[in-house]
Amino acid sequence: MASSTPLEENGYLVRKSSSEENKDVGSDQESSHYLKARQKLENLLNKNMRIRMTDGRTLIGSFLCTDRNCNVILGSAQEYLKSADPFSAGEPRVLGLAMVPGHHIVSISVELETLTSPQYL
């Protein structure tokens, strides 16, 4: 006979089977993983990010949000074009609010100065 744990639902005593208990443990682990990932993303909000794209462009801006498809919204974004000369910095093009499709993102990095500024320490 499977072990069970009594619960009370709507005034009645209900027993859960061990397979139902295992589902609860798995869902607790999933929700814990979800909460940790969400907290990491929340900690990155409003930090300057550098996003390299598949076409060679680089966008730098303030991380505002993302979605399930890994699309990213940057505020106060600037676009830097891929240069043939590695020593020329090139003038950035000011974009303002920019949406970067997730399938075009090659890499994302957080700018160091936003991590070490006093407001984030």
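Bear in mind that the values here come from a model prediction, so they are computed numbers and not experimental data. (Residues numbered from 1 in each chain as written. Predicted model: local features only at pLDDT ≥ 70, side-chain atom pairs only at ≥ 80, totals over all residues. Heavy atoms only, no water.)

A. Quick peek at the sheet that holds strand β4 (residues 58-66). Strand order across the open sheet formed by five strands is β6-β5-β4-β3-β7, with antiparallel pairing between neighbours. Either end of the sheet is taken by a strand with one partner, and the two such strands are β6 (93-100) and β7 (105-110). Shown here is a sheet whose adjacent strand axes are inclined to one another by a mean of 30°, direction ignored. Sheet topology note: the strand β5 (residues 72-80)/β6 ladder contains six bridges and is antiparallel. Among the inter-strand pairings, isoleucine 73 is bridged to a residue of β6, identified as methionine 99. (Pairing = 2+ DSSP bridges. Helix = DSSP H or I, 4+ residues; strand = E, 2+ residues; numbered from the N terminus. Axes fitted to C-alpha atoms, helices over the stretch in contact; angles between N-to-C directions.)

B. Looking closely at the pairing of strand β3 (residues 48-53). Side-chain alternation along β3 places Met49, Ile51 and Met53 on a buried face and Asn48, Arg50 and Arg52 on a face that remains uncovered. Looking at chain direction, β3 and β4 are connected through five bridges and run antiparallel. Looking across to β4, one finds that arginine 52 is bridged to threonine 58. In textbook terms, the turn of a hairpin is the stretch between consecutive antiparallel strands, and for β3 and β4 this stretch comprises four residues, one of which, glycine 56, has a positive phi near 95°. (Buried < 20%, exposed > 50% of the residue type's maximum accessible area, 1.4 Å probe, protein only.)

C. Here's a closer look at the pattern of salt bridges. For the coordinates displayed, the defined rule picks out five salt bridges. Between aspartate 55 and arginine 57 there is a salt bridge, with its nearest N and O atoms 2.7 Å apart. With relative accessibility at 26%, the residue arginine 57 sits in the partly exposed group. Close ionic contact of arginine 57 with glutamate 79 constitutes a salt bridge, the shortest N to O distance being 2.7 Å. Of this pair, arginine 57 sits in the loop between β3 and β4 while glutamate 79 sits in strand β5, and the two are 22 residues apart along the sequence. Residue glutamate 79 is classed as buried on the basis of its relative accessible area, which comes to 4%. Taken together, the salt bridges that share partners define one network made up of Asp55, Arg57, Glu79 and Arg93. (Salt bridge = Lys/Arg side-chain N within 4 Å of Asp/Glu carboxyl O.)

Treat this as a map of the structure, not an account of what it does.
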